[in-house]
Amino acid sequence: MIELAVFLPLAGGLIAGIFGVRMGDRAAQLVTVIPMLIAAILSSYLLWHVGIQGNERTIELFTWIDSGTLELSWALRVDTLTAVMMFVVNVVSSMVHVYSVGYMSHDPHKPRFMAYLSLFTFFMLALVTADNFVQMFFGWEGVGLMSYLLIGFWSGRPSANAAAIKAFVVNRVGDFGFMLGIFGVFFAFGTLDFDTVFAAVPEVAGRTFSFLSMELDIVTTLCFLLFIGAMGKSAQIGLHTWLPDAMEGPTPVSALIHAATMVTAGVFMVVRLSPMFEFAPIALTFIVFIGGSTAFFAATIGLTQFDIKRVIAYSTCSQLGYMFFAVGVGAYPAAIFHLMTHAFFKALLFLGAGSVIHGMDDEQDMRKMGGLFSKMKVTASLMWIGSLALAGVPFFAGFWSKDVILESAFAAHTGMGLYAFWAGIAAALMTAFYSWRLLFLTFHGRTRADDHTFDHAHESPPVMILPLVVLALGAIFSGWLAADYFVGHHLDEFWRSSILMTHNIIEEAHHVPKWVKFLPIVVGAVGIVLAWVMYIAKPGWPAKFVAMVRPIHSFVFNKWFFDELYDRIFVRPSFVLGRGLWKSGDGAVIDGVGPDGIAAAAKDIAGRASRMQSGFVYHYAFAMLIGLVLLASWFLFGFFG
Amino acid sequence: MNIAVDISAIWPELFMAVAAMVMLMYGAFRGEGATRFVTWAGVLVLVVAALLVLAGPAGKTTAFNGQFVVDAFAVFAKVLLIAGAALALILAQPYNMREDIKQFEYPILIVFAVLGMMMMVSANDLLSLYVGLELQSLALYVVAAIRRDNLRSSEAGLKYFVLGALSSGILLYGMSLIYGFAGTTSFDGLAAAFATDSDAPVGVIVGLVFIAAGLAFKVSAVPFHMWTPDVYEGAPTPVTAFFAVAPKIAAMALFVRVMLEPFGDLVAEWQQVIWFISLASMILGSFAAIVQTNIKRLMAYSSIGHMGFVLVGLAAGNETGVQGILLYLTIYVFMNIGTFACILAMRRQGRMVEDIDQLAGLSKTNPYLAAALAVFMFSMAGIPPLAGFFAKFYVFLAAIEAGLYVLTVVGLLTSVVGAYYYLRIVKLMYFDEPAEAFDRAPGREITVIVTVTGLITMFFFIGLAPVLDGAEAAAAVLF
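Predicted model only: the values in this text are computed from it and were never measured.

So, how was this worked out
Residues numbered from 1 in each chain as written. Chains lettered and ligands numbered in written order. Predicted model: local features only at pLDDT ≥ 70, side-chain atom pairs only at ≥ 80, totals over all residues. Heavy atoms only, no water. Helix = DSSP H or I, 4+ residues; strand = E, 2+ residues; numbered from the N terminus. Contact = heavy atoms within 4.5 Å. Areas by Shrake-Rupley, 256 points an atom, 1.4 Å probe, with all protein chains shown as cover. Buried < 20%, exposed > 50% of the residue type's maximum accessible area, 1.4 Å probe, protein only. Patch = residues over 30% accessible without salt bridge, like charges linked within 9 Å, V, L, I, M, F, W, Y side chains within 5 Å. Salt bridge = Lys/Arg side-chain N within 4 Å of Asp/Glu carboxyl O. Lys, Arg positive; Asp, Glu negative; His and termini not counted. Charge placed at Lys NZ, Arg CZ, Asp CG, Glu CD. Expected span 1.5 Å × (residues − 1). Arc of directions from axis to C-beta. Polar contact = N/O pair within 3.5 Å; in protein donor to acceptor, adjacent residues only side chain to side chain. Phe/Tyr/Trp six-rings, centres within 6.5 Å; stacked < 30°, edge-to-face > 60°. Lys NZ or Arg CZ within 6 Å of the ring centre and 35° of its normal. Axes fitted to C-alpha atoms, helices over the stretch in contact; angles between N-to-C directions. Parallel < 35°, antiparallel > 145°, perpendicular 65-115°, else oblique. Left-handed = near helix turned anticlockwise from the far one by under 90°. Nonpolar A, V, L, I, M, F, W, Y, C, P; charged D, E, K, R; others polar. Pairing = 2+ DSSP bridges. Buried area = accessible area lost by both parts, 1.4 Å probe. Core = buried A, V, L, I, M, F, W, Y, C linked by side-chain atoms within 4.5 Å. pLDDT = per-residue confidence, 0-100.

With that out of the way, let us pick up the overall build of chain B. A tally of helices and strands in chain B yields 20 helices and 4 strands. Looking at chain B alone, contacts between residues at least 24 apart form 82% of all its contacts between residues at least 6 apart. Total accessible area computed for chain B in this model is approximately 16,100 Å², and 68% of it derives from carbon and sulfur atoms.

This is the structure:
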């Protein structure tokens, strides 16, 4: 059953990818959607079977690499953590598959799109079921590749191609750290198998190694390197620049890959490796800092953007920050909890945004929307549900998971924990504000769309609405249903050995002062009210406010100038260097001396050799005799010498 | 020595000699009309001779007071060269008919040449070696000039004759030196003499160099190769095909036997000569071919290069080396016959075309021929899994075993250079604008041979094991 849940998407993707053009659009959709739905049902059962009933297991499929001391198997390791991830991945992916049937109905390359989605799902499953570093890296790179292909799916657009390349390159930076981490693990532990490594960590902890005459703690260094990989994949501050651009891809891709699943792979990785990170307190502190900063920084940018998808993209970035600082303070279950609830409501928001875009003739600018509530009531209601969950309004999914994260950060009682707590509170205020800003600008007030577009704005077909409803159910109930298991009284029985927590911070989080518990709700309400005032009651205020704080606004609006900075520091010098090496290094030196030079020399030798062939018999006879004499004398001298 | 035993050892040769003379008589009485019949009779004679060779006595048999020897090595080489000769004869049939070469002597001369080659391969004495060598050479001189009315063909025959006479002189001189210093011409006697006396006299060494030079001429190794391009280009194409295959096998087999049997204990002495001519052949064969525009000339340099690779196996001087040589020669026969069959199919408006450029775009005008030629070219370049790869692989394996690293590295590098001109033909055929199409229907015989040799070249790896076993058994008798 586990095998089916993992390999059905692969089978569907391969069939649609190879035979897609011949079998036709409808068949390609069926052959990918049906296996995904089956896989989703199977993994829901698995969550109950493995998580609640406790039947965790590892299935060895075959020996993958056996070279010297490096021995790796291809295995499916299914414990509670994996079961949760498989559940999230398969359910969201199956909903996105169904949704794509409607969303991509006008696209000429439907089979290719469906095949990419299914293959992406397979790689993601390979990542979460890995029981060694290399298999995890296989899935890691696989999802990166599919992300690249899907961002650049509309390859006719230069901006899509640029975004795809950007995503790939920025991810390579993180992947490089991840790879170094893997090499380091093999160097330090002599194996890449999770269980063996985890068992050996307590022994290795505290040992050091020399690097450039610095004595570095082994486990801390490894955790830093691995976390750099996670930063790239999960778009944390510094390596986040690719995520907003990735919105160039079709909206279902944004929902599946750039909100619900792939970008959370970094969080998953750190949680999976919790037995290592628990022994690297410095690395954990760094994670808290990065997570808290990202949560705050991305939220500020979200306040100012006008592209509906970019707002949600920065929101994703910010929410990933929450997950990371939860991980950093040791509240791994809280991070995974938020990962799951976030997957539901963020996929819902993206797909809802897609529904709006679809109904508005591919318009993404919120300044050209407004008043759409009357036109698309279902979509608007579902977006409301998603926003309520995102803002942490009580009893929606986000409320349960976000609160426990903030409480854990407070309960950590470290300086960095408090920093993250206050950054998180500020981000929560901004989250509520930009969520309702989005809702008000899109669905309420007077419309700013031109008459033609507004008249043609329409509700999406049922095939797109139905997945939204399923996700909305998740956004409403998943927090309430799962809280007890994920972060409540059944925490220990639920997670068992899949997560290592050296001290139970979640328990402490339940005993923080009352004001800590209520603060997130209060700031959420403030944010919502503020948005109402600014965009419904007094629509003139935002412009005036922006005019008042113009420098700050332009700093934030330009995304803290990260792109410009990177362009100046990395991109342009690389181009200059590359062009220089190409023209003078490769063209002049290597080609000139190497291929061209050798080829010219070969032709020259060839010409000489064939000129010797004069056609005169006496020349030939002469050559023979000379050859004979030379051979004989060489021989004789050699003989005597 | 019982005369019956002697006769039983030479049944195939005896049969061929008698059959050739009967064919000659028949032709002489019937005149030109007999050509077609005599050609097929020649093929039949060759096939029967091959069967007789295979049915010959098992194990090592010497006859005529040790002048003649039959062993596994001789059988392997004989079967191979008869196969090459028969295929070349079949190829010649449609060409000769069309080009109006109606001399019935052609197949008869081929049979005589093969007879001489078989005697070379079985020679166990310097004198029987020489007799066999001259029998084949005289036949070949005439065959090269078979188109008497064609200037190029006559020139080729004459050049070959003059230079061949020179090489024969060198060879004979070497033999006389050997005889003078060692006191015997028998291979067994020579081997015995050098086995006990590790310090061979200088005269023997010089004689050995002369013999090596004479034989190197026959396999067209550098610097005794100069006749090859001119003769290949000038001789009629089927004759070139024959030249490229049968005499090379015979001479190479003889070369191997002479070096390893009588002079086997002097390996250290002759190894450097072979090393040098092997190296020089590989280098010249690959470089000089680059600038050729005539495909027959190109094939001449290609065969020089191939002989260089084969000599790598001899330079190794071990059993693996000889095994590699026999394997190489086997593969070489099929690749070359196939290529020449393709060249024979290059006709436009009834005339032969020999320019490489004329192959441009062949894949569009004649995809089948282009595919076959591409297979042969890839194989000659040594691209796995085609046959040519295994040929090179085993000789280089032997060289590595013998510690000849320089030779191996240079050999590999020159095969890279060689790949250039082989692949250029493929590029011309597949990527260039089509030239005018060739004539259709080159002849049933040619199509069949192209198909058969092409399949053998492509799927050689399936039958690799038995050929290797045979070559191993054949190689074992020399050590």
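There's more to say after this.
Okay, the overall build of chain A next. A tally of regular secondary structure across chain A gives 28 helices and 4 strands. When burial is assessed residue by residue, chain A has 57% of its 641 residues classed as buried. Within chain A, contacts between residues separated by at least 24 positions form 79% of all contacts whose residues are at least 6 apart in sequence. For chain A, the accessible surface area stands at approximately 25,500 Å², while carbon and sulfur atoms represent 70% of it.

With that out of the way, let us pick up unusual backbone geometry. Between Val222(B) and the following residue, Pro223(B), the backbone shows a cis peptide bond with an omega angle of 5 degrees. Relative to the elements of secondary structure, Pro223(B) occurs in the loop between helix H9 (202–218) and helix H10 (227–234). In the segment running from Pro384(B) into Pro385(B), the intervening peptide bond is cis, with an omega of 5 degrees. Among the secondary structure elements, Pro385(B) is positioned in the loop between helix H16 (367–381) and helix H17 (387–401). Despite not being glycine, His413(A) shows a phi value in the positive range, around 55 degrees.

This part is about a negative patch on the surface. All names here are of chain A. Among the surface-exposed residues, Asp 492, Glu 493, Glu 507 and Glu 508 lie close enough to one another that they form a single negatively charged patch. Where the negative patch is concerned, the elements lending two or more residues are helix H21 (491–495) and helix H22 (505–509). Following the sequence through the fold, Glu 507 ends up in helix H22.

With that settled, the discussion passes to helix H27 (residues 595–611) of chain A. Its 17 residues give H27(A) an end-to-end C-alpha distance of 24 Å, which sits within 8% of 24 Å, the value for a rise of 1.5 Å per residue. Turning to H27(A), its buried residues number three or more, namely Ala602(A), Ala606(A), Gly607(A) and Ala609(A). All buried residues of H27(A) fall inside an arc of 165 degrees around its axis, so they share one side. Exposed residues pointing more than 90 degrees away from the buried face of H27(A) are listed as Arg608(A) and Arg611(A). On its buried side, H27(A) packs onto helix H12 (267–288) of chain B.

This part is about the side chain of Asp131(A). Residues and elements named next belong to chain A. Checked against the element boundaries, Asp 131 lands in the loop between helix H4 (110–128) and helix H5 (133–151). Put simply, Asp 131 is tucked away with no salt bridge, and the nearest opposite charge, on Arg 77, sits 5.3 Å away. Only 3.4 Å separates the side chain of Asp 131 from the side chain of Asn 132, close enough to count as a polar contact. Discounting residues that sit within four places of it in the chain, Asp 131 has contacts with Thr 58, Ser 73, Ala 75, Arg 77, Asp 193 and Phe 194.

Right, let's talk about the packing of aromatic side chains for a bit. For the structure on display, the rule yields 61 aromatic pairs over all chains. With centroids separated by 6.3 Å and ring planes inclined at 85 degrees, the aromatic side chains of Tyr116(A) and Phe153(A) adopt a geometry described as edge-to-face. With Tyr116(A) in helix H4 and Phe153(A) in the loop between H5 and helix H6 (158–189), this pair connects stretches of sequence that are 37 residues apart. Exposure class is identical for Tyr116(A) and Phe153(A). Each is buried. Where Phe459(B) meets Phe461(B), the ring centres are 6.4 Å apart and the plane angle is 55 degrees; that geometry is what we call tilted. Every member of this aromatic cluster is reached through a ring pair, and the members are Phe7(A), Phe62(A), Trp64(A), Trp74(A), Phe122(A), Phe123(A) and Phe138(A). Positioned over the ring face of Phe306(A) is Arg367(A), at 4.1 Å from the centre of the ring. Residue placement shows Arg437(A) over the ring face of Phe306(A); its charged tip is 5.0 Å from the ring centre.

With that out of the way, let us pick up the packing of helix H2 (residues 11–30) of chain B against helix H5 (residues 105–122) of chain B. Residue and element names in this part refer to chain B. With their axes 9 Å apart at the nearest point, H2 and H5 run at an angle of 165 degrees to one another. The orientation of H2 with respect to H5, classified from their angle, is roughly antiparallel. With respect to the hand of their crossing, H2 and H5 are arranged in left-handed fashion. Side by side, H2 and H5 meet where Pro 12, Glu 13, Met 16, Ala 17, Ala 20, Met 21, Met 23 and Leu 24 of the first sit next to Ile 108, Val 111, Phe 112, Val 114, Leu 115, Met 118, Met 119 and Ser 122 of the second. For the contact of H2 with H5, the per-class residue count stands at 14 nonpolar, 1 polar and 1 charged.

Residues and elements named next belong to chain A. Bridge analysis of strand E3 (residues 208–211) against strand E4 (residues 214–217) gives 4 bridges, and the strand direction is antiparallel. Within E4, the residue paired with Thr 208 across the bridge is Asp 217. Counting the residues between successive antiparallel strands, the hairpin from E3 to E4 contains 2 residues, one of them, Leu 212, with a positive phi of roughly 50 degrees.

Moving on, we get to the interface of chain A and chain B. Chain A puts 25 residues into the contact, and the matching count from chain B is 37 residues. Approximately 2,800 Å² of surface area, both sides summed, lies buried where chain A meets chain B, with 84% of it carried by carbon and sulfur atoms. Of all residues in chain A, the largest losses of buried area upon contact with chain B belong to Met624(A), Leu628(A) and Phe635(A), amounting jointly to 27% of the total for that side. On inspection of chain A and its partner chain B, the count reaches 0 salt bridges.

Another point: a nonpolar patch on the surface. A grouping of Met1(A), Tyr45(A), Trp48(A), Ile52(A) and Tyr485(A) is seen on the molecular surface, where their side chains present a nonpolar patch of about 460 Å² in accessible area. With respect to the element layout, Ile52(A) can be found in helix H2 (residues 25–52).

Core analysis: the biggest nonpolar cluster contains 212 residues, and Val114(B), Phe242(B), Phe255(B), Phe263(B) and Leu314(B) have the highest contact counts within it. Here this core takes 18 residues from helix H11 (residues 237–260) of chain B, the largest share from any one element. Aside from chain neighbours lying at most four places away, what touches Phe242(B) is Ala85(B), Ala88(B), Ile110(B), Ala113(B), Val114(B), Met117(B), Leu140(B) and Pro247(B). Counting residues in hydrophobic clusters, the runner-up holds 206 residues, among them Val84(A), Leu117(A), Ala427(A) and Leu471(A).

Opposite charge on two side chains permits them to pair, given that their charged atoms come into close proximity. All names here are of chain B. Taken as a whole and judged by the stated rule, the model has 26 salt bridges over all chains. When the shortest N-O distance is used, the salt bridge between Arg 257 and Glu 261 registers 3.2 Å. As far as the burial class goes, Arg 257 and Glu 261 line up, both buried. Among the charged side chains, a salt-bridge network with shared partners connects Arg 152, Glu 155, Lys 159, Asp 230, Glu 233 and Arg 297.

So, on to the packing of H17(B) against helix H18 (residues 405–431) of chain B. Residue and element names in this part refer to chain B. Between H17 and H18, the shortest axis-to-axis distance is 8 Å and the interhelical angle comes to 155 degrees. Taken as axis vectors, H17 and H18 run roughly antiparallel relative to one another. Judged by the sense of rotation from one axis to the other, the crossing of H17 with H18 is left-handed. Of the residues in H18, those in contact with Lys 392, Phe 396, Ala 399 and Ile 400 of H17 are Tyr 405, Leu 407, Thr 408, Gly 411, Leu 412 and Ser 415. Of the residues that constitute the contact of H17 with H18, the class distribution is 6 nonpolar, 3 polar and 1 charged.

Moving on, we get to the environment of Ser73(A). Residues and elements named next belong to chain A. Examined against the element boundaries, Ser 73 turns out to sit in strand E2 (residues 70–78). Owing to a relative accessible area of 19%, Ser 73 belongs among the buried residues under this scheme. Along the sequence, Ser 73 and Asp 131 sit 58 residues apart, while their C-alpha atoms lie 8.4 Å from each other. At 3.0 Å, the side chain of Ser 73 and the side chain of Glu 60 are in polar contact.

Parts of the model with low pLDDT should not have their predicted coordinates read in detail. Confidence along chain B averages 90 in pLDDT terms, with 99% of residues attaining 70 or more. The ipTM assigned to the predicted complex is 0.85, against a pTM of 0.66.

Here we take up the pairing of E2(A). Residues and elements named next belong to chain A. Counting buried positions over the 9 residues of E2 gives 7, a clear majority of the element. Pairing analysis gives 9 bridges linking strand E1 (residues 57–67) to E2, with the strands arranged antiparallel. Bridge pairing links Glu 60 to Ala 75 in E2. Counting the residues between successive antiparallel strands, the hairpin from E1 to E2 contains 2 residues, one of them, Gly 68, with a positive phi of roughly 60 degrees.

What follows is about the confidence of the model for chain A. Of the residues in chain A, 99% have a pLDDT of 70 or more, and the chain-wide mean is 88. The secondary structure element of chain A with the lowest average pLDDT is H27(A), at 80, and the one with the highest is helix H11 (residues 265–272) of chain A, at 93.

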